[in-house]
Amino acid sequence: MGAAITGPAPRRATFSLRHGRLLLRAAALSVCAVALWSFVVAPLLGHFTGRFEDFSAYTAAARDMAAGHSPYASFDGSVSVVMTGFDYPPFAAVLVRPLALLGDHAAMVLWLWVSLACTIAGALIVARTALPESWPRTDIALLAALAFAPATYNYWHGQMNPVIFLLLALAFRSWVRGRELSCGVLLGLAAGVKLAPAVLVIVLLRRHWWRGAAAMVATGVASVGAAALVIGVGGVRTFLDTVLPALTRETGWIYNQSLGGLLSRATDTSVLSVGGGSALLHIFVLAGAAVLLGVAAWSVRPGARPAAERGAEFGLGVSAMLLAGSIAWYPHFTHALIPLAAGAGLVAARGWRVERRLGLALVGVVAVFGLVVPMVLAGIDMQTLQSAHGSALWWPFLQLFSLPCAAVLLLLATQARSLRTIDRWTSSA
């Protein structure tokens, strides 16, 4: 009986693991080869097929600034549910200002390469921070950066998410390693480029990182001051008076995967066109956002904690950040690579038997964002939506587009449960 247990089974397990690693390496090399052609060689040869429509707003803002105008001169929040023109905070305008020094093609190629480098670097940092050393972390990081659909969306459309992702990845590493000031500064820079990371100050405060929170606030204020020197006080005022109100309204457009987007689709509000909104809906969205951020803060514990648990804390904060805002477009979920890696690290540290629910939630997020959205939902165009509008199937059909948000909500709840379960076990011990 003992011989049956200790016989060939371990060899079969080793064989399977070794071949699994080889398949993973082959997949990583394949996506690297495709990315090298699509995003490095093809653009140099003039064969890049990306639309890069989001990047056009950055170059327009840069050229407006070069001509002495506001970067928000072309902004219009009333034309559609997705708005047009440059809608980032003033410090982001400072970052794109040098693009005006380049021609259109050179600026496009440079931005594409910066996006690619930021995403790969961020994925490597996150993987090496969150995952065990025995795992093929480099291969996993390359697959995440080059095959995860929200991340690759940025390469084809030219969004700024890779820059923010790199800053969040560096802040994640500082958080796990206990580097208070650097974490605060990095989060302050990220909030200067895009407002959403500003809510992560709650995790700093909850951990009693007072200096880190002060560094974050000071960096954010300094970014606004630096922007005022470049674009003028009038440009900063335009962002606060015109752009920010448009960004904080609810929209149910199908690519908005925030909690506000989910609730807007549930009430069929501002889905195909800009709607007047609802005070009651706004109250529910704000209350829901407060609950999400409260759960994130509730899951953080001051004092010493293992690295895997620290990573899960920050990952939970990033999930709450994505869901709590009024707008979280599909490619913004590039940042979801942080909670995914942090969750995988926690499962590895505690074991599948203990963290089966969390493991299944992680698989669900990867399946929805990596398979369901690009293979099913992305194929539905505006004509299909308009033809379905008004029919008996419109409302249930519309709710299908909330699957990504629902999957991240489930991950957030499961990860919070895991962290608080750890706390209860620690207290009882």
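Since the model is a prediction, treat every value here as computed from it, not as a measurement.

This part takes up the nonpolar core. Counting 131 residues, the largest nonpolar core has Y58, F86, M160, W175, L187 and F314 as its most contacted members. If you tally residues by element for this core, the top one is helix 5 (residues 104-130), at 12 residues.

This part is about the layout of surface pockets. If you add up the space inside the largest pocket, you get close to 1,300 Å³. Residue lining of the largest pocket: 46 residues in total, with D87, K194, I327, W329 and H332 positioned closest to the centre. The set of elements that each furnish at least two residues to the lining of the largest pocket consists of helix 3 (53-66), helix 7 (149-157), helix 11 (210-247), helix 13 (279-299) and helix 14 (307-324). Residue composition of the lining of the largest pocket, grouped by class: 29 nonpolar, 11 polar and 6 charged. In this structure, the second largest pocket encloses a volume near 580 Å³. Together, 22 residues line the second largest pocket, and I140, A144, L337, L340 and V366 are the ones closest to its centre. At the level of elements, helix 5, helix 6 (137-147), helix 15 (337-350) and helix 16 (356-375) are the ones that each hand at least two residues to the lining of the second largest pocket. With 5 residues, the single largest contributor to the lining of the second largest pocket is helix 6.

Scanning all chains against the criterion turns up 8 salt bridges. For the salt bridge of E53 with R51, the shortest nitrogen-to-oxygen distance reads 3.8 Å. Of the residues examined, E53 reaches a relative accessible area of 29% and is grouped as partly exposed. By relative accessible area, which is 64% here, R51 ends up exposed. Here R350 makes a salt bridge to E355, at a shortest N to O gap of 2.6 Å.

Bringing the confidence of the model for the protein into the picture now. Of all residues in the protein, 93% attain a pLDDT of 70 or more, and the chain-wide mean is 91. A low-confidence stretch, residues 1-5 (pLDDT under 50), is modelled with 0 contacts involving residues beyond four sequence positions or located in other chains.

Here the focus is the packing of aromatic side chains. Evaluation of the coordinates by the stated rule reveals 24 aromatic pairs. With a centroid separation of 6.1 Å and an interplanar angle of 75°, the aromatic rings of W253 and Y255 are classed as edge-to-face. On the basis of relative accessibility, which here comes to 11%, the residue W253 falls in the buried class. Looking at Y255, the relative accessible area reads 29%, which means it is partly exposed.

About the criteria used
- Residues numbered from 1 in each chain as written.
- Predicted model: local features only at pLDDT ≥ 70, side-chain atom pairs only at ≥ 80, totals over all residues.
- Heavy atoms only, no water.
- Core = buried A, V, L, I, M, F, W, Y, C linked by side-chain atoms within 4.5 Å.
- Buried < 20%, exposed > 50% of the residue type's maximum accessible area, 1.4 Å probe, protein only.
- Helix = DSSP H or I, 4+ residues; strand = E, 2+ residues; numbered from the N terminus.
- 1 Å grid on protein atoms, 1.4 Å probe; cavity = no way out; pocket = protein on both sides within 12 Å on 5 of 7 lines; lining within 4 Å.
- Points joined across faces, edges and corners; volume = space filled by probe spheres on them.
- Nonpolar A, V, L, I, M, F, W, Y, C, P; charged D, E, K, R; others polar.
- Salt bridge = Lys/Arg side-chain N within 4 Å of Asp/Glu carboxyl O.
- pLDDT = per-residue confidence, 0-100.
- Contact = heavy atoms within 4.5 Å.
- Phe/Tyr/Trp six-rings, centres within 6.5 Å; stacked < 30°, edge-to-face > 60°.

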